[in-house]
Amino acid sequence: MKKFTCVQDIGDLRTAVAEALAVKRDRFARTELGRNRTLLMLFFNSSLRTRLSTQKAAMNLGMNVMVLDVNQGAWKLETERGVVMDGDRPEHLLEAIPVMGCYCDVIGIRSFARFESKEEDYGERILEQFIRYSGRPVFSMEAATRHPLQSFADLITIEEHKRTERPKVVLTWAPHPKALPQAVPNSFAEWMNAADYELVITHPEGYELDPQFVGCARVEYDQRRAFEGADFIYAKNWAAYRDPHYGEVLSKDRAWTVDAGKMALTNDAYFMHCLPVRRNMIVTDEVIEGPRSLVIPEAANREIAAQVVLGRLLEGL
Ligand code: AN0
Ligand code: CP
């Protein structure tokens, strides 16, 4: 594998999940694969899970790991070409990328949507420049439009817990005080469609996602109706995608918070969220602490997903 930015890069999902379950049985089976190989993890945005799980996965494979928080200690980076750099950004991404490529074998990037321009975000300008100019295999640790390591971990978690071959999975919007990217819901929908699950997406009017990610999912504006018979409830907030409201918060309506009453409408569904989660905005304490909550095993599977991806990138070197 030469890059990992979307579901297509991982190939057949059954094979990928089987590989993940094998890694989970013995995560130290391939400590030679990453020997004398260096991973650089580059963060333009905060992280707890991605940072720790990916570093752990790399260590399981015998890799050396370097982590750079771009906004803490590195030079501020200009990202636009043609700019007269007389402002507060001393270094350009076009030098920084190949320089960073010199020091490592594999690069992971976290670079969220900035909500300044939909074209820039959905063109994945930052990620694409790393792919083009670093000379190294690049993987996404959440980019502007997708969070594939999260979605892979979500898929593994659903495969471990599903009770039917083709479970009903509901992606529900839930309220949040700040504007959040569409990367997690986009990616989740992309992977659930690829896995051929029954996918229903529910959100208030105005929160429609990019149709390329919605795919063949059913969009249901009535959250309670969407929940009926669900096997998995996947909650997430996102800001509006459609113009002219791209990146805006259109609603903070707590009638959309996932609570026990709504979970009672489901087929005894499991509750999922990628974390970090704002309790009693997205989901009540009762549901997230309840016996059907998968948020911790889901986070634990991030290490497994990252290890499969890093293993394949190392094999491709
Ligand atoms: C980020 C987001 O919604 O994309 C990261 C989630 C994994 N969440 C926040 O910024 C709170
Ligand atoms: N789910 C997830 O990616 O969490 P972090 O933002 O903490 O990495």
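Our subject is the structure that appears above.
Here the residue index of a chain counts from 1 through its sequence in written order. Chain A is the first chain written and ligand 1 is the first ligand written, with later ones labelled in order. Totals for whole chains, interfaces and linings use every residue, but because this is a predicted model, local features are given only for residues with pLDDT of at least 70 and side-chain atom pairs only at 80 or more, for both listing and counting. To get the side-chain values, take all heavy atoms of the structure and skip hydrogens and water.

## Re the site of ligand 2
Then comes step 1: Summary of the distance rule: residues count as near a molecule or strand when at least one heavy atom falls within 4 Å of that molecule or strand. Every residue lining ligand 2 is accounted for by Ser-47, Leu-48, Arg-49, Thr-50, Arg-110, His-147, Gln-150, Cys-274, Leu-275 and Arg-302.
Then comes step 2: Residue His-147 places a side-chain N or O atom 2.8 Å away from an oxygen atom belonging to ligand 2.
Then comes step 3: Surface accessibility follows the Shrake-Rupley procedure with a 1.4 Å probe radius. Residue values consider only the protein chains on display as shielding. In isolation ligand 2 exposes 250 Å². Once the protein is present, 93% of that is buried.
Then comes step 4: Each residue is assigned to one class: nonpolar for Ala, Val, Leu, Ile, Met, Phe, Trp, Tyr, Cys and Pro, charged for Asp, Glu, Lys and Arg, and polar for all the others, Gly among them. Looking at side-chain class alone, the shell around ligand 2 contains 3 nonpolar, 4 polar and 3 charged residues. A 3.5 Å cut-off defines polar contacts: any pair of N or O atoms within that distance qualifies, except that in protein one atom must be a possible hydrogen donor and the other a possible acceptor, and neighbouring residues in sequence count only when both atoms are side-chain atoms.

## Comments concerning the pairing of strand β11 (residues 232-236)
Then comes step 1: The cut-offs for exposure are 20% and 50% of the maximum accessible area for each residue type, with area from a 1.4 Å probe on protein chains only; residues under the lower value are buried, those over the upper are exposed, and the others partly exposed. Strands are runs of DSSP state E lasting at least 2 residues, helices are runs of H or I lasting at least 4, and numbering of each runs from the N terminus. Taken across its 5 residues, β11 has 5 buried, putting it largely inside the fold.
Then comes step 2: Alternating positions in β11 separate into two faces, Phe-232, Tyr-234 and Lys-236 on one and Ile-233 and Ala-235 on the other, with burial throughout.
Then comes step 3: Strand pairing requires that DSSP identify at least two bridges connecting the strands. Bridge count between strand β8 (residues 168-173) and β11: 5 bridges; the pairing is parallel. Within β11, the residue paired with Thr-172 across the bridge is Ala-235.
Then comes step 4: As paired elements, β11 and strand β12 (residues 270-272) share 3 bridges and run parallel to each other. If you follow Tyr-234 over to β12, its bridge partner there is Met-272.

## A few points about the sheet that holds β11
Then comes step 1: In spatial order, the strands read β10-β9-β8-β11-β12; together these 5 strands make up an open sheet with parallel pairing. Only two strands of the sheet have a single neighbouring strand rather than two, namely β10 (218-220) and β12. Strand-to-strand, the axes of this sheet are offset by a mean angle of 25 degrees, without reference to chain direction.
Then comes step 2: Bridge analysis of β8 against strand β9 (residues 198-202) gives 5 bridges, and the strand direction is parallel. Its bridge partner being in β9, Leu-171 is matched across the sheet by Ile-201. Angles here are taken between N-to-C directions and fall from 0 to 180 degrees, while the axes themselves are lines fitted to C-alpha atoms, restricted in helices to the stretch in contact.

## Observations regarding the nonpolar core
Then comes step 1: To form a nonpolar core, buried Ala, Val, Leu, Ile, Met, Phe, Trp, Tyr and Cys residues must be joined to one another through side-chain atoms within 4.5 Å. Counting residues in each nonpolar core, the largest one holds 55 residues, and the members touching the most others are Phe-139 and Phe-152.
Then comes step 2: Of the residues forming this core, the biggest block, 8 residues, is contributed by helix α12 (residues 295-315).
Then comes step 3: For each domain, the first and last residues come from an automatic or database assignment. Composition of this core by domain shows at least three residues from each of domain 1 (3-146 + 299-315) and domain 2 (151-298).
Then comes step 4: Any two residues whose heavy atoms approach within 4.5 Å are treated as being in contact. Contact partners of Phe-152, with chain neighbours within four places excluded, come to Ile-10, Ala-16, Val-17, Ala-20, Trp-191, Ala-305, Val-308 and Val-309.
Then comes step 5: Counting residues in hydrophobic clusters, the runner-up holds 18 residues, among them Val-170, Ala-230, Met-263 and Ala-269.

## Some details on unusual backbone geometry
Then comes step 1: In this model, Asp-243 is joined to Pro-244 through a cis peptide bond whose omega is 5 degrees.
Then comes step 2: Along the chain, Pro-244 turns up in the loop between β11 and α10 (260-263).
Then comes step 3: Here the residue pair Leu-275 and Pro-276 is connected by a cis peptide bond, since its omega of 5 degrees sits within 30 degrees of zero.
Then comes step 4: With a phi angle near 65 degrees, Asn-36 is a residue other than glycine that sits in the positive phi range.
Then comes step 5: With respect to the helices and strands, the residue Asn-36 is situated in the loop between α1 (13-25) and β2 (38-43).
Then comes step 6: Overall, Asn-36 belongs to the exposed group, its relative accessible area being 63%.
Then comes step 7: At Leu-275, a position not held by glycine, the phi torsion is positive, near 65 degrees.

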